[in-house]
Each structure stands twice: as structure tokens, then as C-alpha cells.
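An overview of the molecular structure
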Amino acid sequence: MSTPTLYNYDLDENCYKVRLMMSCVGTEAKLVAVDVVPGREHLSPAIRAMSPSGSLPILKQDDLVLYEAEAILSWLARAYDPDRRFLPDDPDTFGKVMMWLTFSARELDAAVDARATAMMDAPGDIDALRDAAREALRIMDDHMTHQHFDGLEFFAGATATIADIALFPSFALSRDFNIDHDAFPALRRWARAVRKLDGFITMPGIPEYH
Amino acid sequence: MSLQDWYPLALSRDIAAGTSAGTRVLGEEFVVWRDSKGAVHAWDDRCPHRGMKMSFGFVRGDHIACLYHGWQYDTAGQCQYIPAHPDLEVPQTIKIPRFATIEAGGMIWGCFNGEDSATPPAPDLPSEITPLRSIFADCPAPLMVAQIAKTTFGETTPDVAAKTDRIVDITLGDIKLIAGVQAIADGESALHLVALGELDASKLKPLSLWAEQLRRDAEAVAKASATTEIAA
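1. As for the overall build of chain B
If you tally the helices and strands in chain B, you get 2 helices and 15 strands. Over its C-alpha atoms chain B spans a radius of gyration of 19 Å, differing by no more than 12% from the 17 Å that the globule rule assigns to 232 residues. Over its C-alpha atoms, taken along the principal directions, chain B stretches across nearly 65 × 50 × 30 Å. Counting across all 232 residues of chain B, residues that qualify as buried make up 39%. Of the contacts made within chain B by residues no fewer than 6 positions apart, 50% connect residues no fewer than 24 positions apart.

2. A look at the overall build of chain A
Looking only at helices and strands, one finds 8 helices and 4 strands in chain A. For chain A, the N- to C-terminal ordering of α and β elements is β-α-β-α-β-β-α-α-α-α-α-α. Taken against the 2.2 N^0.38 rule, which gives 17 Å for 210 residues, the C-alpha radius of gyration of chain A at 17 Å falls within 12% of a compact globule. Buried residues in chain A amount to 44% of all 210 residues.

3. What about the confidence of the model for chain B?
For chain B, mean pLDDT is 94; residues scoring 70 or higher make up 97% of the total. Across the whole predicted complex the pTM is 0.96, and at the interface the ipTM reaches 0.94.

4. What about the sheet that holds strand β11 (residues 129-137) of chain B?
Residue and element names in this part refer to chain B. Strand order in the open sheet formed by 5 strands is β11-β15-β14-β13-β12, with antiparallel pairing between adjacent strands. Each edge of the sheet is formed by a strand with only one pairing partner; in this case those strands are β11 and β12 (159-162). Averaged over neighbouring strand pairs, the angle between their axes works out to 25° when direction is ignored. Examined bridge by bridge, strand β14 (residues 175-185) and strand β15 (residues 188-196) share 8 bridges and lie antiparallel to one another. Across the sheet, the residue bridging to Leu177 is Ala195, located in β15.

5. Some remarks on the sheet that holds strand β3 (residues 28-34) of chain B
Strand pairing within a sheet occurs via backbone hydrogen bonds; the two strands may be parallel or antiparallel. All names here are of chain B. Read from one edge to the other, the open sheet built from 6 strands follows the order β1-β10-β9-β4-β3-β2, with strand pairing classed as antiparallel. Of all strands in the sheet, those bounded by a partner on one side alone are β1 (3-11) and β2 (19-25). Each strand of the sheet is rotated relative to its neighbour by a mean of 30°, with strand direction disregarded. Pairing analysis gives 2 bridges linking strand β4 (residues 40-44) to strand β9 (residues 98-104), with the strands arranged antiparallel.

6. Topic: the interface of chain B and chain A
Opposite the 14 residues of chain B that make contact, chain A presents 14 residues. Only β2, β11 and α2 (201-231) of chain B provide two or more residues apiece to the side of chain B that touches chain A. Here the side of chain B that touches chain A takes 5 residues from α2(B), the largest share from any one element. In terms of residue class, the side of chain B that touches chain A is made up of 6 nonpolar, 4 polar and 4 charged.

7. Things to note about unusual backbone geometry
Here A:Val37 and A:Pro38 are connected by a cis peptide whose omega angle stands at 5°. Residue position: A:Pro38 is located in the loop between β2 (30-33) and α2 (45-48). One non-glycine residue, A:Glu68, adopts positive backbone phi at about 80°. What makes A:Glu68 partly exposed here is the crowd of 17 C-beta atoms within 10 Å. With a phi close to 50°, B:Leu26 is a non-glycine residue in the positive phi region. Along the chain, B:Leu26 falls in the loop between β2 and β3.

8. Focus on the nonpolar core
Among the nonpolar cores identified, the biggest contains 64 residues, and B:Ala10, B:Val32, B:Leu177, B:Ala179, B:Leu193 and B:Val194 are the most heavily contacted of them. In this structure, A:Cys15, A:Tyr16, A:Leu59 and A:Phe155 belong to the second largest nonpolar core, which totals 63 residues.

9. Some details on the packing of helix α7 (residues 162-172) of chain A against helix α8 (residues 185-195) of chain A
Residue and element names in this part refer to chain A. Packing of α7 against α8 brings their axes to within 11 Å, and their N-to-C directions diverge by 120°. Considering the angle they form, α7 stands oblique to α8. You can see that α7 and α8 cross each other, and the crossing is left-handed. Note on element contacts: α8 touches α7 through Leu187, Ala191 and Val194, opposite Asp164, Phe168, Phe171 and Ala172.

10. Focus: helix α6 (residues 126-149) of chain A
Taking 1.5 Å of rise per residue, the 24 residues of α6(A) would be expected to cover 34 Å, and the 34 Å separating its terminal C-alpha atoms lies within 8% of that figure. Positioned one or two residues after α6(A), A:Gly151 has a phi angle of 75°, which is positive.

11. Observations regarding the pairing of β14(B)
All names here are of chain B. Burial within β14 is extensive, with 9 of its 11 residues counted as buried. Bridge analysis of strand β13 (residues 167-172) against β14 gives 6 bridges, and the strand direction is antiparallel. When the bridges of β14 are listed, Ile170 appears paired with Leu177. From the end of β13 to the start of β14, which pair antiparallel, there are 2 residues, and Gly173 there has a positive phi angle of about 65°.

12. Looking at the pairing of β2(A)
Residue and element names in this part refer to chain A. Pairing of strand β1 (residues 5-8) with β2 involves 4 bridges; the strand directions are parallel. Along β2, the bridge assignment pairs Asn8 with Ala33. Following the chain from β1 across helix α1 (residues 13-24) to the adjacent parallel β2, one finds a crossover that is right-handed.

13. What to know about the environment of A:Thr159
Residue and element names in this part refer to chain A. Mapped onto the secondary structure, Thr159 falls in the loop between α6 and α7. On the basis of neighbour counts, which here come to 15 C-beta atoms within 10 Å, the residue Thr159 falls in the partly exposed class. With 73 residues separating them in the primary sequence, Thr159 and Phe86 have C-alpha atoms 8.3 Å apart. When near neighbours in sequence (up to four residues on either side) are disregarded, Thr159 contacts Arg85 and Phe154.

Cut-off values and rules
Position numbers for residues count from 1 along each chain, tracking the sequence in the order it is written. In the order they appear in the text, chains get letters beginning with A and ligands get numbers beginning with 1. Reporting in this predicted model follows two pLDDT cut-offs: at least 70 for local features of residues, and 80 or more for side-chain atom pairs to be given and counted; totals over whole chains, interfaces and linings ignore these cut-offs and use all residues. Helix numbering and strand numbering both begin at the N terminus, where a helix is a DSSP run of H or I of at least 4 residues and a strand a DSSP run of E of at least 2. The size measure is the radius of gyration over C-alpha atoms, and the globule rule it meets is 2.2 Å times the number of residues to the 0.38 power. Exposure classes come from backbone-placed C-beta atoms, where a residue is buried if 20 or more other C-beta atoms lie within 10 Å of its own, exposed if 12 or fewer do, and partly exposed in between. Placing a C-beta atom from the backbone of each residue, one calls two residues in contact when those atoms lie within 7 Å. You can read pLDDT as the predictor saying how much it trusts each residue, on a scale of 0 to 100. In this scheme, strands are said to pair when DSSP sees at least two bridges between them. Helix axes are fitted to C-alpha atoms over the stretch in contact, other axes to C-alpha atoms as well, and angles between N-to-C directions run from 0 to 180 degrees. Gly counts as polar in this scheme, as do all residues outside two lists: the nonpolar Ala, Val, Leu, Ile, Met, Phe, Trp, Tyr, Cys and Pro, and the charged Asp, Glu, Lys and Arg. Think of a nonpolar core as buried Ala, Val, Leu, Ile, Met, Phe, Trp, Tyr and Cys residues chained together by C-beta atoms that fall within 7 Å. Note that the term roughly parallel is reserved for angles under 35 degrees, roughly antiparallel for angles over 145, roughly perpendicular for angles of 65 to 115, and oblique for everything else. Rotating anticlockwise by less than a right angle from the far helix to the near helix defines a left-handed crossing, while the corresponding clockwise rotation defines a right-handed one. Working rule for helices: expected span equals 1.5 Å times residues minus one. Looking down the strands as they point away from you, a crossover is right-handed if its path from the first strand over the helix to the second goes clockwise.

Here is the structure:
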């Protein structure tokens with residue numbers, strides 16, 4: 001396989017998910033910087049030929065073009081993680097990973113929009129987005145509270161999967177849209193576990209320590 | 001500050017060694033952190049340098065450092081190191097106000113009556129407990145407490161006995177809980193819940209689900225009463 005190309009914007013948490021996953025499975029991509037703010041380059045014809053809505057990240061390898069972070073995470077898990085640690089085969093764990101990936105792309109997408117509205121002047125009702133993001137984070141905190149009762153440190157079980165990688169950035173960055181970590185003790189503990197993963201990397205707004 | 005009694009701030013379990021979290025009591029902001037030796041600290045949540053929240057910072061050993069410029073403070077609240085001026089002997093005046101803390105009944109309690117002044121007796125709580133969880137809700141603390149008896153646990157109606165406005169005994173069938181009640185701000189509160197004795201995951205999960213329902217119920221009541229006030 002040739003080296004994949006990742007169309008990337010450093011401040012975009014969805015791009016960070018893919019960079020984090022690549023680092024965790026020890027692979028690299030050729031990074032192509034897309035000037036989203038202020039250049040709006042993601043809406044250029046060249047990008048929209050690959051990702052029609054202009055959403056990032058985009059992964060390209062030979063003839064394969066993928067957009068949507070959760071799909072790219074799944075592809076990376078099959079292509080570059082031979083032990084299938086990040087997307088296990090057993091049906092129960094696989095189902096749980098898919099459930100939380102869907103949650104990440106649906107319920108938790110309010111957090112991505114809240115951050116874009118708060119930080120990058122994207123249009124949106126910040127109060128409504130923040131409320132929806134907080135509701136999603138509460139569901140996550142409740143789930144991890146239960147996982148911790150069972151001694152499980154990650155969303156789908158005892159070890160990290162692409163579900164954790166997909167869910168992590170919006171919690172880690174929640175102060176960007178004015179949701180503090182005070183009321184999410186189980187997510188604080190989980191975020192510390194994510195930070196300890198082999199291959200963990202940072203992005204602007206997500207420091208290494210806490 | 002006149003919060004001259006013990007106020008519950010968190011479950012002991014939820015502030016692990018080497019970590020910090022922000023909290024509020026009646027709107028006043030504090031950082032709660034535990035050093036690597038296991039001692040708990042509650043301070044004003046503000047770095048004297050640029051006013052950054054210390055709860056955004058990080059704990060290393062027995063120091064907590066501000067996320068902004070890395071100023072490091074020892075357990076006495078004294079700034080000991082400024083990375084931008086590594087050779088500087090830091091003036092004694094660069095200090096963060098700190099408050100008394102104790103741990104009782106599986107919870108961290110803070111008393112905010114000024115440094116080194118006398119503290120009231122510790123809350124009399126059992127030590128044989130299992131931490132359940134903290135539950136945070138957008139409603140005044142008295143409303144949250146009043147709701148406890150109204151949210152049934154399966155078929156069981158909770159039996160509630162408020163020992164003080166901050167310590168509430170809850171009986172759910174053969175299970176006994178203690179709630180530490182935190183009035184975070186006007187319309188925000190938390191219950192820090194522990195169970196008496198030793199409970200395993202199969203017992204803790206239904207209790208946690210009950211606490212989630214309590215949060216939903218309390219917030220629905222708070223929202224309905226806010227709507228009624230506007231209509232009136």
C-alpha cells in the first residue's frame with residue numbers, strides 16, 4: 001500500500017481524531033494543509049471534488065477517497081491495526097464500538113458545531129448547541145460511570161478502541177465552547193486514560209498533561 | 001467569604017492523586033486537587049498572574065501549575081517557580097488563598113473561613129462506605145433534595161431524612177445512601193452519593209440509573225416552575 005494522504009486542518013477536531021489514530025497504530029500520512037480559516041479552502045472545487053460538503057478530514061490512497069472521520073478511523077483500524085485492537089472482531093464489542101461511533105457523529109456533533117460557532121464565527125445558535133453538547137457529554141459521563149463500576153476504563157471495554165478516539169476531542173476541547181469539566185468526573189478519569197495511550201499526540205487546545 | 005462550615009465538594013474517589021478539578025460553592029470558584037502524597041487541597045481557583053483558572057492546570061508531585069504560563073505553587077499556596085524567570089527567587093507575596101479540607105464519608109469537604117483559622121468539627125459520617133457517584137443538576141439545591149423522595153427506585157419510594165441542609169440520609173429498600181448536598185450556584189446543585197457498606201457493580205448500576213432519573217425529574221420541575229414564574 002502506498003502512503004495515504006490526509007487533507008488536514010490542525011484546529012479541526014475531526015482531523016485530529018485521524019492523526020491520533022494514525023499515531024496510535026504507528027502509521028503516517030502525507031499531510032496536506034487545508035486553509036479553512038480564513039481561506040475557506042475546504043469549499044474549493046478541488047476539495048469538493050473529493051468531499052462534496054467540504055467536510056474534513058479527507059483520506060486519499062491511490063484510487064480510494066474517504067471522508068467522515070468515523071469512516072476513516074474504521075478503515076485505519078482494518079488497514080493498519082493487524083491485531084484488531086481498535087476495532088475488535090467479536091460481535092458484542094464491534095456493536096458497542098459502532099454505537100459510540102454513531103453517537104460521536106450524531107449527538108456529539110453538536111459539540112463540534114458549538115466549538116466552531118464559539119471559536120471560528122461559524123453560524124449557529126450557541127446556546128442551543130451548547131445545551132445539546134452538554135446533554136451528549138452527560139450521557140457519556142453516565143456511561144463511563146457504569147464502566148468504572150465494572151473496572152473498565154474505556155467506552156467499549158477494557159482497552160481503547162476507535163470509539164474512544166472519536167469521542168475524546170470534543171470532551172477535551174469543551175472549554176472552548178464554555179463547558180467546564182467540573183460536572184464530568186467519569187470523563188475526567190477516562191480522558192486521563194486516553195492521554196496515557198501509546199502514541200498519544202496533542203493538538204492546539206489539548207495539552208499532554210492533566 | 002463567610003462559608004464557615006463544611007461544604008461537600010466531590011467524592012474522594014473522583015479526585016485521584018495528581019489531579020485537579022474546578023468546583024463552586026454558592027457561586028464562589030475553587031480548585032480542588034490532590035497531591036502525589038494523597039493530601040487534598042482547596043484553593044481559590046485563580047492564578048494571581050493572569051487570573052487563569054488553576055483547575056485548568058496540572059499537578060506534578062506536590063505542586064500545582066497554571067496551564068497558562070506554568071507558574072508552580074506548593075501545598076502552602078506559595079508560588080515557587082516561574083518558568084519564564086527560572087533564576088528568580090519568587091516573592092512571598094505571590095500566593096493563592098487556600099482553605100481547610102477534610103475527607104469524611106467518602107467525600108471531600110471544604111471550609112472557607114480564612115486561612116489557618118479554627119474549623120468546626122468534622123461531619124460525623126461512617127467510613128465503611130462505597131462511593132456511588134456525583135450527580136449534577138440545573139436546579140436549586142433545596143429543590144433537588146425535595147425531589148429525592150419523589151423519584152421512585154423501582155417500586156420503592158425513597159425514605160429521606162435531612163440531617164442538615166448538606167447531609168441527607170436516603171433509604172432505598174435495604175440500601176442506605178448518604179448524599180452530600182452542594183449548592184453550586186443559584187440554579188445549580190450536586191449530590192455526592194455514597195452507599196453504606198460494600199456494594200458491587202450489580203448493586204451500584206441501578207442506583208446510578210436512579211440518580212440519573214432524579215436529575216431528569218429535578219430539572220423538569222425546575223424548568224416547569226421557571227415557566228410558571230414567567231407566566232405569572
